[in-house]
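Examination of the molecular architecture
Here is what each chain is made of, one letter per residue.
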Amino acid sequence: NYKVALMMIDIDDFKNYNDTLGHLAGDLVLRELGRIVKTYIREVDLAARYGGEEFAVILPYTENEQNNIVVAKRIQSAIAAVKLPMETENISQVTVSIGIAYCPYDAANADDLIEKADIMLYHAKRTGKNKVCTSLDKK
């Protein structure tokens, strides 16, 4: 009976990194994002790679939803500061889009929570990328 947040993080235009800089450079970006995420979350939180260039962070005991937004924005800033192994004219910075959903506000079970966080992530991508979107924005 405690509040839980789920943060979905996706690297914007990741295919472009791999195609332009190579898969080794893409792998470096993924590892750096994982390191950054672990740096900015609490010990009780759980971060995991969720798919190709997507990460999920489970944030239990979420009493202040605004704190999750602050953490998400810190992760965004830190990943944007990453120096790429080589820069090209069309890639100079790594950005991420982040969607956050909350239980029990948005979902009664894990599947619904994942779906809602994913919806918020795709909303961030559709509305300009390099954004944090949360279901609370709509309330």
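Right above here is the structure, for reference.
Below or above, wherever it landed, is the structure these notes cover. Computed from a predicted structure; not experimentally measured.

For the rest of this paragraph, the subject is the pairing of strand 2 (residues 46–49). Bridge count between strand 2 and strand 3 (residues 54–60): four bridges; the pairing is antiparallel. From the neighbouring strand, Arg49 faces strand 3, where its bridge partner is Phe55.

A volume near 170 Å³ is recorded for the largest pocket. Elements that contribute at least two residues to the lining of the largest pocket include exactly strand 1 (4–11), strand 2, strand 3 and helix 4 (110–126). Class assignment for the residues of the lining of the largest pocket results in 14 nonpolar, one polar and no charged.

Per the stated rule, a full pass over the model turns up eight salt bridges. We note a salt bridge from Arg31 to Asp27, for which the minimum N-O separation is 3.1 Å. Of this pair, Arg31 and Asp27 both sit in helix 2 (residues 23–40), four residues apart, roughly one helical turn. With relative accessibility at 32%, the residue Asp27 sits in the partly exposed group. With a closest N to O distance of 2.6 Å, Asp45 and Arg42 form a salt bridge. According to the relative accessible area criterion, Arg42 is partly exposed, its value standing at 38%. One network of salt bridges, in which partners are shared, links Asp10, Asp12 and Lys125.

Cut-off values and rules
Residues numbered from 1 in each chain as written. Predicted model: local features only at pLDDT ≥ 70, side-chain atom pairs only at ≥ 80, totals over all residues. Heavy atoms only, no water. Pairing = 2+ DSSP bridges. Helix = DSSP H or I, 4+ residues; strand = E, 2+ residues; numbered from the N terminus. 1 Å grid on protein atoms, 1.4 Å probe; cavity = no way out; pocket = protein on both sides within 12 Å on 5 of 7 lines; lining within 4 Å. Points joined across faces, edges and corners; volume = space filled by probe spheres on them. Nonpolar A, V, L, I, M, F, W, Y, C, P; charged D, E, K, R; others polar. Salt bridge = Lys/Arg side-chain N within 4 Å of Asp/Glu carboxyl O. Buried < 20%, exposed > 50% of the residue type's maximum accessible area, 1.4 Å probe, protein only.

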